[in-house]
Amino acid sequence: MINPETSLEEIAALVSGALSEAGIDAVLSGGGAVTFYSKNEYMSTDLDFITSERKKRIAPIVEKLGFEVTEGKDFHHPHSKFFIEFPAGPLAFGSKYIDNTAAVTLETEFGPVRIITPTQSVMDRLAWVAHANDLQSKEQAVLIAKHQEIDWEEIFEWADTEQIDRALISEIQKKAVLNNAT
């Protein structure tokens, strides 16, 4: 089933589908969401599915797909460079908690994937910039905004509550527009 040529998108759909069939609510976030929303301009090697479910319930489901449990929260597949993680829920960007029902389902050629929205993905990246000084996340936010429609008003409101400098958001917004024009 999964082999060295299996794409990140296909693995995301396989995992999302298997979890959904088992009644586990999990939402793709992080770099995997950036890969989807940047149209592969950024390529993550991991898929972060945010869930409140425990690892012992998740493990048998992803093991059926060939993933092996490792120390910590990672699951690796012997025939893939991609790995999956299950950071503990609830879904949040900084101090803003998001109900899982606010996520969307993307229909892919491989099946549906539960994923944060493009606007939430930009928030996620901005939280990493602001709270962890992760400059790579800043460029990832630009790539998302370059390819997706973003609710900038929601981002600015969120940034105000997170005490994130509005200039950072304006810079990302301008870079996305400039990159989109080229």
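Residues numbered from 1 in each chain as written. Predicted model: local features only at pLDDT ≥ 70, side-chain atom pairs only at ≥ 80, totals over all residues. Heavy atoms only, no water.

### Re the overall build of the chain
Here is step 1: On a plain count of helices and strands, the chain comes out with 7 helices and 9 strands.
Here is step 2: In terms of overall dimensions, the chain is globule-like: its C-alpha atoms have a radius of gyration of 16 Å, near the 16 Å expected for 182 residues.
Here is step 3: If one aligns the C-alpha atoms of the chain with their principal axes, the spans along those axes are about 45 × 35 × 30 Å.
Here is step 4: Across the 182 residues of the chain, 50% fall into the buried class.
Here is step 5: Sequence-distant contacts in the chain: of pairs separated by 6 or more residues, those separated by 24 or more amount to 63%.
Here is step 6: For the chain, the exposed area adds up to about 9200 Å²; of that, 49% sits on carbon and sulfur atoms.
Here is step 7: Side-chain charges of the chain comprise 16 positive and 29 negative groups, with the mean position of each set lying 2 Å from the other. (Helix = DSSP H or I, 4+ residues; strand = E, 2+ residues; numbered from the N terminus. Rg over C-alpha atoms; globule rule 2.2 N^0.38 Å. Buried < 20%, exposed > 50% of the residue type's maximum accessible area, 1.4 Å probe, protein only. Contact = heavy atoms within 4.5 Å. Areas by Shrake-Rupley, 256 points an atom, 1.4 Å probe, with all protein chains shown as cover. Lys, Arg positive; Asp, Glu negative; His and termini not counted. Charge placed at Lys NZ, Arg CZ, Asp CG, Glu CD.)

### Things to note about the pairing of strand β9 (residues 111-115)
Here is step 1: Judged from the 5 bridges that link them, strand β8 (residues 104-108) and β9 form a sheet pairing that is antiparallel. Bridge assignment links T108 to a residue of β9, and that residue is G111.
Here is step 2: Hairpin geometry of β8 and β9 is characterised by an intervening segment of 2 residues between the two adjacent antiparallel strands. (Pairing = 2+ DSSP bridges.)

### A few points about the packing of aromatic side chains
Here is step 1: Under the definition given, this model contains 2 aromatic pairs.
Here is step 2: Seen from their ring centres, F49 and F86 are 6.1 Å apart, and the 25° between their planes marks the pair as stacked. Placement of the pair is F49 in strand β2 (residues 46-50) and F86 in the loop between β5 (83-85) and β6 (92-93), with a sequence separation of 37 residues.
Here is step 3: On the basis of relative accessibility, which here comes to 10%, the residue F86 falls in the buried class.
Here is step 4: Judged by centre distance (5.5 Å) and plane angle (85°), the ring pair of F75 and F86 falls under edge-to-face. You can see F75 sitting in strand β4 (residues 74-76) and its partner F86 sitting in the loop between β5 and β6, a full 11 residues away along the chain.
Here is step 5: Through successive ring pairs, a cluster of aromatic residues spans F49, F75 and F86. (Phe/Tyr/Trp six-rings, centres within 6.5 Å; stacked < 30°, edge-to-face > 60°.)

### Examining helix α6 (residues 152-162)
Here is step 1: Taken as a whole, α6 has its buried residues at W152, I155, F156, W158, A159 and E162. What you see down the axis of α6 is that its buried residues fit within an arc of 165°, all on one side. Residues of α6 that are exposed and point more than 90 degrees away from the buried face comprise E153 and T161.
Here is step 2: Note on α6: the residue one or two positions beyond its end, Q163, has a positive phi of about 60°. (Arc of directions from axis to C-beta.)

### Quick look at the packing of helix α4 (residues 118-132) against α6
Here is step 1: Contact geometry for α4 and α6: axes closest at 11 Å, N-to-C directions at 30°. The pairing of α4 with α6 is recorded here as roughly parallel in orientation. The two elements α4 and α6 cross, and the hand of that crossing is right-handed. Judged by residue contacts, T119, V122, M123, L126, A127 and H131 of α4 engage E154, I155, W158 and E162 from α6.
Here is step 2: Per-class residue counts for the contact of α4 with α6 are 6 nonpolar, 2 polar and 2 charged. (Axes fitted to C-alpha atoms, helices over the stretch in contact; angles between N-to-C directions. Parallel < 35°, antiparallel > 145°, perpendicular 65-115°, else oblique. Left-handed = near helix turned anticlockwise from the far one by under 90°. Nonpolar A, V, L, I, M, F, W, Y, C, P; charged D, E, K, R; others polar.)

### Details of the nonpolar core
Here is step 1: Core analysis: the biggest nonpolar cluster contains 58 residues, and V15, F49, F67, I84 and F86 have the highest contact counts within it.
Here is step 2: Among the elements that take part in this core, helix α1 (residues 8-21) stands out by supplying 7 residues, more than any other.
Here is step 3: If sequence neighbours within four positions are ignored, F67 has contacts with I2, I11, V15, V62, F75, H76, H77, F82 and I84. (Core = buried A, V, L, I, M, F, W, Y, C linked by side-chain atoms within 4.5 Å.)

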